Amino acid sequence: MSRQKLVGRSVARREDPRLLSGRGRFVDDIALPGMLHAQFVRSTVAHGEIASVDLSAVRQVPGVVAAFTADDLELGDITAQLGRPLSEFVPTAMPVLARDKVRYVGEPLAIVVARDAYAAEDGLEAARVTYTTLPPVTSEAVALAPGAPLVHAEAARNTLVDVSLFATEGIDEIFESAPCVVHVESRTGRQNALPLETRGAVAHWDDREAQLVVHTCTQIPHQVRTVAARSLRIDERAVRVVVPDMGGGFGQKCVVGREEIAAAAAALRLRRPVKWIEDRKDALSASFLAREQHYQVRAAFDADGRILGLDADVVCDMGAYSCYPFTAGIEPLMASAEMPGVYKVPAYRVRGRAITTNKAPTGPYRGVSRPQYVMVVERLFERAARELGLDPVEIRRRNVITDFPYTGVNNITYDPGSYLESLNLCEQLVKDEGWYGKQDAARAEGRHIGIGYACFSERTGYGSAAFAQRKMQVVPGFDISEVRMDTSGAVTVTTGTMSHGQSHETTMAQIVADELGLDIAKVRLHQGDTDRITYGFGTFASRSITVGGSAVRLAAAKLGAKLRAIAAARWDIDPDDVELTDGAARRRDGASDVLTYEAIADIAYLRAHLLPKDIEPGLTAAATFDVFNDGTFSNATHGVVVELHEGTGQVEILRYVCVEDCGVAINPQVVEGQCRGGIAQGIAGALFEQVTYDDQGEPSATSFMDYKVPTAHEIPDVLIHHLETPSAFTETGAKGAGEGGTIGAPAAVLNAVNDALRATGVELDNTPVTPETVHRALHLEATS
């Protein structure tokens, strides 16, 4: 009898024994002989021309070994490109160290290298930088105003991206004749992805290999290698990027940072190891940020609550530079392409813009625009339901996609999902727990309890074709995997994806072990090493299992075919008559012949003369996988119950229900962890986190005293219910699960808050929702 399949089971995480016992190895754990420590002289003004950078006193500080400016290192710029005309996209070169101009507070100007981290910090204080200050551009209003100062001379009106992807013919007439037109204007706060481990790098020159080795916590090691080689003007072969254990990324680490390139350049120049670890102040104020967006959206409905059209204007504040490789288009292009979401929208028009301001650059953050546009669309449905006298869940039922495959007005084809089923079940779970009755009772007591929902999809498994539609110069998509069995019958598998907490060592091993009929303990994963991994685009957009896992399964299947072929040749039968189970090849006809994997490997490696002429020695197989359709679509409905406390304006989440469908869940426990972590970050954006700037471009949040992060006390227990609609476009039937929690939470929380505020007549459309805002709204009711 064959063993139970591992895919679909909550196998214990194989990473945990190492990580929980303190045996993990992160960037800051790396200590090399003669290692130096680096920190960066950073701009203290938001916008200015650099008059001088004087490091002479820095070099005299005890312990300081060297200090370099841009002129000293002569590095090539980091420039992200879209293949669009200048009317739609303006590229901006980001120097590794600022040369002639600074464009945000915290921009690196020089690197100081010292014998220890304390001496490096002392060196920073001795730096003398003079500027000719320029008026800062600190908001959308300033950026787009006539005659505004330009962050980049080449970007007229401070606009980097201006694209109108869709405009249905006759949409104006649809709005003119519609029985119901609703409008939402929404602004969302600038956020920090806030991985537990800040960014960092340790670089050293390997004389034996003639290689610059860069240990760094990045989600995209091969892209870091490319940029480092180009900036340093050396062959890519001469750069090796290695990623050890990583304490979170959430998208912030899937772009190439300037500091890791500068640290590598210093190591190359000095021929000594150089370590840079970002401190929390720099991580909060000068790292890649996200989310600051402005939506003006209207929707037309018929008298029965069916949507007729959607018309949107989206402006995303992308900070000072385009991020590599995604560019400043990452947020407005995502919002523009996917805003119709789970609803049958027959007419659509959208304009998406990315503006540049004197703030730290924007990069991807878990969800990338979807938390924002889902929130706006869900607010439109809530508003239309109120105006038409419909139940807010019922109006969604009338509009969600139910027939699949469905090609939307945005030219995206959605694969089968459970949109209606998740909506109905989520509502039922909330009802079954009695929350509607509790809400009525609370209102009778003068308490403010609200119930809110959000229904959405998460596009995952983006392939090359999907990214090519954005006209990216670097087109991510495919993944490559190699599976190799050694003479003991154990397997090593490689993936081009990169785990930063998603349990790849477990889930990838589950896939391989099932495919080969092997004990999971016999499977080892290699990731994050550009010398060991053929090529990969890393981890983002929930692609690890959908794309990377599919490549792993295909490679394992190829190796399995070779194992069967060798066994079949020994028994003189057809390979199809051989099955692989419990670490051995067996005959399907029930005969007692068995060849263990050790025995097959012995032939393949040590007695290759026994192999048929058409079978090569060794047990290695490689495969690639790409998604050539529009990707896969996970979906979910979130239901939230909140109470607003009149005395403080505090929002307390009483219950959180998530009904999600990510296709086949390779490991349900891992999926639930992804859901809960994502929901926590979504709640953070809805109620707590925001980076603001004063009128001089100085960031407000440089410590956790100013940047409010929710704790376990503010995050509720989450009830998670799984549905399963397998994907036809991935090798495992899995869809992505990494971002859904974050996508749904802001909309569901905001709708619940507005439901609790219903009696006040006040509606809130901006996030984060602060206690001050809630207190003011409740006070209006109390005085009305």
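All values derive from a computational prediction rather than experimental measurement. (Residues numbered from 1 in each chain as written. Predicted model: local features only at pLDDT ≥ 70, side-chain atom pairs only at ≥ 80, totals over all residues. Heavy atoms only, no water.)

### Concerning the overall build of the chain
The helix and strand inventory of the chain stands at 20 helices and 30 strands. A compact globule built from 784 residues would reach a C-alpha radius of gyration of about 28 Å, and the chain, at 28 Å, matches this within 12%. For the chain, with 784 residues in total, the buried portion stands at 62%. Within the chain, contacts between residues separated by at least 24 positions form 79% of all contacts whose residues are at least 6 apart in sequence. Computing the positive centroid from 78 side-chain charges and the negative centroid from 103, the chain places the two 3 Å apart. (Helix = DSSP H or I, 4+ residues; strand = E, 2+ residues; numbered from the N terminus. Rg over C-alpha atoms; globule rule 2.2 N^0.38 Å. Buried < 20%, exposed > 50% of the residue type's maximum accessible area, 1.4 Å probe, protein only. Contact = heavy atoms within 4.5 Å. Lys, Arg positive; Asp, Glu negative; His and termini not counted. Charge placed at Lys NZ, Arg CZ, Asp CG, Glu CD.)

### Digging into a negative patch on the surface
On the surface, Glu 49, Asp 71, Glu 74 and Asp 100 cluster together into a negatively charged patch. If you trace the backbone, Asp 100 turns up in the loop between strand E5 (93–94) and strand E6 (101–102). (Patch = residues over 30% accessible without salt bridge, like charges linked within 9 Å, V, L, I, M, F, W, Y side chains within 5 Å. Areas by Shrake-Rupley, 256 points an atom, 1.4 Å probe, with all protein chains shown as cover. Salt bridge = Lys/Arg side-chain N within 4 Å of Asp/Glu carboxyl O.)

### Re unusual backbone geometry
Cis geometry is adopted by the peptide bond preceding Pro 325, which originates at Tyr 324 and carries an omega value of 10°. Along the chain, Phe 404 connects to Pro 405 via a cis peptide bond; the corresponding omega equals -10°.

### Some words on the packing of helix H16 (residues 544–571) against helix H17 (residues 597–606)
Contact pair H16 / H17: the axes reach a minimum separation of 10 Å and the direction vectors enclose 85°. It follows that H16 is roughly perpendicular to H17 by the angle criterion. Residues Leu 563, Ile 566, Ala 567 and Arg 570 of H16 pack against Tyr 597, Ile 600, Ile 603 and Ala 604 of H17. Of the residues that constitute the contact of H16 with H17, the class distribution is 7 nonpolar, no polar and 1 charged. (Axes fitted to C-alpha atoms, helices over the stretch in contact; angles between N-to-C directions. Parallel < 35°, antiparallel > 145°, perpendicular 65-115°, else oblique. Nonpolar A, V, L, I, M, F, W, Y, C, P; charged D, E, K, R; others polar.)

### Here we look at the sheet that holds strand E10 (residues 180–188)
Across the sheet, which stays open at both edges, the 5 strands sit in the order E9-E17-E16-E15-E10 with mixed pairing between neighbours. Looking at strand neighbours, the two that pair on one side only are strand E9 (159–167) and E10, the edges of this open sheet. Across the sheet, the axes of successive neighbouring strands diverge by a mean angle of 10°, strand direction being ignored. Bridging between E10 and strand E15 (residues 293–301) involves 9 bridges; their strand directions are antiparallel. Across the sheet, the residue bridging to Thr 188 is Gln 293, located in E15. (Pairing = 2+ DSSP bridges.)

### Observations concerning the nonpolar core
With 167 residues, the main nonpolar core has Ile 111, Met 339 and Tyr 656 as its most contacted residues. Counting 42 residues, the second largest nonpolar core, distinct from the first, contains Leu 559, Leu 563, Ile 566 and Ile 666. (Core = buried A, V, L, I, M, F, W, Y, C linked by side-chain atoms within 4.5 Å.)

### Some thoughts on the layout of surface pockets
What the second largest pocket holds in volume is close to 710 Å³. Considering the residues around the second largest pocket, the lining is formed by 28 residues, among which Arg 18, Pro 244, Asp 245, Glu 505 and Gln 527 are closest to the centre. If you list the elements that add at least two residues to the lining of the second largest pocket, you get helix H1 (16–20) and strand E23 (523–526). The dominant element in the lining of the second largest pocket, judged by the number of residues it contributes, is E23, at 4 residues. (1 Å grid on protein atoms, 1.4 Å probe; cavity = no way out; pocket = protein on both sides within 12 Å on 5 of 7 lines; lining within 4 Å. Points joined across faces, edges and corners; volume = space filled by probe spheres on them.)

### Details of the pattern of salt bridges
Summed over all chains, the structure comprises 55 salt bridges. A salt bridge links Arg 190 to Glu 292; its shortest N-O distance comes to 2.9 Å. Here the residue Arg 190 occupies a position in the loop between E10 and strand E11 (200–206), and Glu 292 occupies one in the loop between helix H8 (280–285) and E15, the gap between them amounting to 102 residues. Classification of Glu 292 as partly exposed rests on a relative accessible area of 21%.

### Some points on the sheet that holds strand E24 (residues 578–581)
Read across the sheet, 3 strands follow the order E24-E25-E26 without closing on themselves; strand pairing throughout is antiparallel. The open sheet has two edge strands with one neighbour each: E24 and strand E26 (594–596). Between one strand axis and the next, the sheet turns by 25° as a mean value, whatever way the strands run. Note: strand E25 (residues 584–587) against E26, 3 bridges, orientation antiparallel. Looking at E26, one finds that Ala 584 is bridged to Thr 596. The sheet contacts of H16 involve E24, E25 and E26, and relative to E24 the element is tilted by about 125°.

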